[in-house]
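# Survey of secondary and tertiary structure
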Amino acid sequence: MIFVSKKSVFDNKKAIRGGIPVVFPCFGVWELGPQHGFARISKWSLLEEPTKDSNGDVKAVFELSDDDNTRSLWNNKFKLSYTVCVMSSGLFTELSVNNLNDSEPFSFTWLLHTYFAVPDVTKCTISGLSCLTYKDKVDEGKEKKEVNDLVTISGFTDRVYKEASENHVITNVAGGKTVLLKKSNFPDTVVWNPWIEKAKSMSDFGDDEYPYMVCVEAGYVANSCTVNAGSSYTSSQTIDVVSK
Ligand code: TA6
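Scoring rules and cut-offs
Residues numbered from 1 in each chain as written. Predicted model: local features only at pLDDT ≥ 70, side-chain atom pairs only at ≥ 80, totals over all residues. Heavy atoms only, no water. Helix = DSSP H or I, 4+ residues; strand = E, 2+ residues; numbered from the N terminus. Buried < 20%, exposed > 50% of the residue type's maximum accessible area, 1.4 Å probe, protein only. UniProt positions renumbered as here; feature names shortened; annotations may be inferred. 1 Å grid on protein atoms, 1.4 Å probe; cavity = no way out; pocket = protein on both sides within 12 Å on 5 of 7 lines; lining within 4 Å. Points joined across faces, edges and corners; volume = space filled by probe spheres on them. Nonpolar A, V, L, I, M, F, W, Y, C, P; charged D, E, K, R; others polar. Pairing = 2+ DSSP bridges. Axes fitted to C-alpha atoms, helices over the stretch in contact; angles between N-to-C directions. Near = heavy atom within 4 Å. Polar contact = N/O pair within 3.5 Å; in protein donor to acceptor, adjacent residues only side chain to side chain. Areas by Shrake-Rupley, 256 points an atom, 1.4 Å probe, with all protein chains shown as cover. Contact = heavy atoms within 4.5 Å.

### A word on the environment of Val179
With respect to the secondary-structure elements, Val179 resides in strand 12 (residues 177-184). By relative accessible area, which is 1% here, Val179 ends up buried. Taking the C-alpha atoms as reference points, Val179 and Thr234, 55 residues apart in sequence, are found 23 Å from one another.

The structure is reproduced here in structure tokens:
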């Protein structure tokens, strides 16, 4: 169900080209540091040993706290935790951030950059975006309105949909399954496929891989989220296989 490029790099420097990278504290180009922020290229610690419950579901919790590097880019004290539950029915992932500053609030954008594996991206449909306003990043960032009930991919696609539905049904995922992406506290949804030319320009992505993936990304990205000192914020998504 989850795509990882055969050319992905695993050097703890470049983001993995696949899986569900954590985008924090900034989605997109960041004037203070690397695109999509530092979280996805940082070394996280395992907060809790993975546990298996009576249903056979496995849960692991990872943690990332501020350090000299993060503070040199984004001068805030924080603790980020990333909970991953692998269940027989699907996958639950949750992000929680604590503002550990003495008094200063901080603002951020964040997103789960989910790469879905698909047999043919042109045969996928994505619900829950109809009539929404989106930023079309392949057309000078113009604001457009989604006129289709179901979004399909037939070329280079990079759209930030604002105030999207909490539920997206994605068809033709991994062997033709239908999955339900349920979001909580992720108001926006990004849809991305690099298509032919962009795929060729990415050293960590095979030229022939674009038909076999689609990113449908739960995010809080159109506006920033502000958390006061001593407070926290949590967002999550669940991916359930709804039909084989
Ligand atoms: O989520 C879509 C996007 O923002 C695209 O603009 C594209 O840049 C993609 O993320 C991948 O970004 P990356 O920095 O991982 O190459």
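### Structural notes on the UniProt feature "active site" (unreviewed entry) in the protein
In this structure's numbering, the residues bearing the UniProt feature "active site" (unreviewed entry) are His113 and Glu217. With the annotated positions falling across 105 residues, the maximum pairwise C-alpha distance of 5.0 Å places them together in a single cluster. When the annotated set is filtered for residues lining the second largest pocket, what remains is His113 and Glu217. Of note, His113 is situated in the loop between strand 6 (106-112) and strand 7 (115-117). By secondary structure assignment, the location of Glu217 is in strand 14 (residues 213-227).

### As for the layout of surface pockets
Computed from the structure, the largest pocket encloses a volume of approximately 650 Å³. Lining the largest pocket we find 25 residues, and of these Ile16, Ile20, Pro21, Arg40 and Trp44 sit closest to its centre. Lining the second largest pocket are 22 residues, with Arg17, Gln35, His36, Arg40 and Trp192 positioned closest to its centre. A breakdown of the residues in the lining of the second largest pocket according to their chemical character gives 10 nonpolar, three polar and nine charged.

### Considerations on the sheet that holds strand 4 (residues 78-86)
One open sheet accounts for seven strands, arranged 2-3-4-5-15-12-11; its pairing is antiparallel. The sheet is open, and its two edges are formed by strand 2 (45-52) and strand 11 (167-173), each paired on a single side. Across the sheet, the mean angle from the axis of one strand to that of its neighbour is 15°, orientation sign disregarded.

### Things to note about the site of the ligand
Neighbouring the ligand are the residues Arg17, Phe27, Gln35, His36, Arg40, His113, Lys137, Asp158, Val190, Trp192 and Glu217. A distance of 3.0 Å separates an oxygen atom of the ligand from a polar atom in the side chain of Arg17. Between an oxygen atom of the ligand and a side-chain N or O atom of Asp158, the distance comes to 2.5 Å. A total of 390 Å² of accessible area belongs to the ligand in isolation, and the protein chains cover 87% of it.

### Regarding the UniProt feature "binding site: substrate" (unreviewed entry) in the protein
If you check UniProt for "binding site: substrate" (unreviewed entry), the listed places come out as Arg17, Gln35 and Arg40 in our numbering. In sequence the annotated residues extend across 24 residues, while in space they remain close, none of their C-alpha pairs exceeding 13.7 Å. Narrowing the list just given to those that line the largest pocket leaves Arg40. Mapping Gln35 onto the fold places it in the loop between strand 1 (22-23) and strand 2. Apart from residues no more than four positions distant in its own chain, Gln35 is found in contact with Gly28, Val29 and Arg40. Along the chain, Arg40 falls in the loop between strand 1 and strand 2. Beyond its immediate sequence surroundings of up to four residues, Arg40 is in contact with Ala15, Pro21, Val22 and Gln35.

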